[in-house]
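Chain by chain, the residues run as shown.
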Amino acid sequence: MVMHFDGYGAFAKHLRKVASKVEAAQRRGLRQGAAMMAATAKGMHGEYQPSDRVSNAWAPLAPRTVAERTRRGFSPDEPLLRTGALRDSIGFSVQGDEALVGSTSPLAVHHEKGTARIPPRPVFSKTAVIHGRGAARLVGAHVAATMASMPVDALLKKKP
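First, a word on scope: everything that follows refers to the structure included in this document. Please read all numbers here as calculations on a predicted model, not as lab measurements.

Reading guide: rules and limits
- Residues numbered from 1 in each chain as written.
- Predicted model: local features only at pLDDT ≥ 70, side-chain atom pairs only at ≥ 80, totals over all residues.
- Heavy atoms only, no water.
- Helix = DSSP H or I, 4+ residues; strand = E, 2+ residues; numbered from the N terminus.
- Buried < 20%, exposed > 50% of the residue type's maximum accessible area, 1.4 Å probe, protein only.
- Phe/Tyr/Trp six-rings, centres within 6.5 Å; stacked < 30°, edge-to-face > 60°.
- Core = buried A, V, L, I, M, F, W, Y, C linked by side-chain atoms within 4.5 Å.
- Contact = heavy atoms within 4.5 Å.

What follows deals with unusual backbone geometry. In this structure, Leu-80 takes a positive phi of about 65° despite not being glycine. Despite not being glycine, Ser-149 shows a phi value in the positive range, around 55°. Tracing the sequence through the fold places Ser-149 in the loop between α5 (124-147) and α6 (152-156). According to the relative accessible area criterion, Ser-149 is partly exposed, its value standing at 47%.

Here's what the structure looks like:
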């Protein structure tokens, strides 16, 4: 959709009209992008992840870990997933013009980066690789749709 204005004054009037709506549109885009990223991060728990441009494929669980999981009644081979508490600690918040996706569990950083005894199993960096550009596109689409007075879905369906 192309908008036409009868001069700069009409354009300025339109901008004043939509200015108050732009921040809300930005927050909607941030919430939608962050929710998408949090869902992806949660979905990685229990599944081995392949290599990508920021990390190697996840290493198999150590035989000792598999034996311990089995002894305790957990599935023997689901990385990062026992009770689901670590997965369920993942969430997001939107504050101002920032969206934060992360975990409230102190264990998350150990699994993300690895330790001397635990190989890295990055969830958040992989999620950023998968959805970083798409999340930014969502924010831009929400703002652009608001400025053009059109539904955001119309912009998201178009190819960049």
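Anyway, onward from the coordinates.
Enumeration according to the criterion identifies one aromatic pair in this entry. On the numbers, 5.2 Å between centres and 65° between planes, the contact of Phe-5 with Phe-11 is edge-to-face. Given the relative accessible area of 37%, Phe-11 is considered partly exposed.

Moving on, we get to the nonpolar core. For soluble globular proteins, nonpolar side chains are generally found buried alongside one another. Judged by nonpolar contacts, Ala-38, Ala-41, Met-44, Trp-58, Leu-80, Leu-86, Ile-90, Ala-108 and Val-123 together constitute the single largest core of nine residues. Leu-80 has contacts with His-45, Trp-58, Leu-86, His-111, Arg-121 and Val-123, leaving out every residue within four places of it along the chain. Formed by five residues, the second largest nonpolar core is a distinct cluster that contains Ala-141, Ala-148, Met-150 and Val-152.

On to the side chain of His-111. If you trace the backbone, His-111 turns up in helix α4 (residues 107-113). Relative accessible area serves as the criterion here: at 19%, His-111 is assigned to the buried category. Residues within four places of His-111 in sequence aside, it is in contact with Leu-80, Leu-86, Ile-118, Pro-119, Pro-120, Arg-121 and Pro-122.

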